[in-house]
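Letter by letter, the chains look like this.
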Amino acid sequence: MNSDRVDEIAALREQKKLDRQAEVEAREAKEAEEAKSHKANMERIAKKMAKIAAGKSTVVEEAPVEEPVVEEVIEEPVVEKPVVKPKPVPKKKAAVKKPTAKAKGKSRGRPKGSTNKK
C-alpha cells in the first residue's frame, strides 16, 4: 500500500515537471511574439520620425469637397391627434397589521432587588 502511494507521488512530481516545462516554453513563445510585434512597431515609428525630420507631412491632405446644393422642400404641417392614455387604476393598499407585543424572554443573571449576596 505504501509503495503504491510512493509511485503515485513520483508520477505527480514528474507530471508537475512536465507542466512547468510546457509553461516556460509557452511563456517564451509569447515573449518572442511580443518582441517581434514591438520591433515592427518601433520600425514603423522610426519611419514616421524620419519623414517628419525630412519635412514631409505624414498626414495626407484631402482636397476640399464641394457640397452639393440642397433644395429646400416645403412640407405641409400634419395635424396629429393626441394619444389618450387610459387612467391607471389605483391599487388597493394592503391592510396595515398592528404590531403585536413581544413575548418577554427569560431574564438572565441575578434579579434586581435581590438581597442574596455572598
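Predicted model only: the values in this text are computed from it and were never measured. (Residues numbered from 1 in each chain as written. Predicted model: local features only at pLDDT ≥ 70, side-chain atom pairs only at ≥ 80, totals over all residues. Heavy atoms only, no water.)

Caption draft 1: Expanded view of a nonpolar patch on the surface. Taken together, the side chains of M42, I45, M49 and I52 make up a nonpolar region of the molecular surface, amounting to roughly 380 Å² of accessible area. Tracing the sequence through the fold places M42 in helix 1 (residues 2–54). Using a relative accessible area of 42% as the deciding quantity, one classes M42 as partly exposed. (Patch = residues over 30% accessible without salt bridge, like charges linked within 9 Å, V, L, I, M, F, W, Y side chains within 5 Å. Areas by Shrake-Rupley, 256 points an atom, 1.4 Å probe, with all protein chains shown as cover. Salt bridge = Lys/Arg side-chain N within 4 Å of Asp/Glu carboxyl O. Helix = DSSP H or I, 4+ residues; strand = E, 2+ residues; numbered from the N terminus. Buried < 20%, exposed > 50% of the residue type's maximum accessible area, 1.4 Å probe, protein only.)

Caption draft 2: The arrangement of a positive patch on the surface in detail. Among the surface-exposed residues, R13, K16, K17 and R20 lie close enough to one another that they form a single positively charged patch. Residue position: K16 is located in helix 1. The class of K16 is exposed, set by a relative accessible area of 54%. (Lys, Arg positive; Asp, Glu negative; His and termini not counted. Charge placed at Lys NZ, Arg CZ, Asp CG, Glu CD.)

Caption draft 3: Examining a negative patch on the surface more closely. Together, E25, E28, E31, E33 and E34 give the surface a local cluster of negative charge. Among the structural elements, E25 can be located in helix 1.

Caption draft 4: Spotlight on helix 1. Here helix 1 is 53 residues long and its end C-alpha atoms lie 78 Å apart, about the 78 Å a rise of 1.5 Å per residue gives. G55 lies just past helix 1 and shows a positive phi near 95°. (Expected span 1.5 Å × (residues − 1).)

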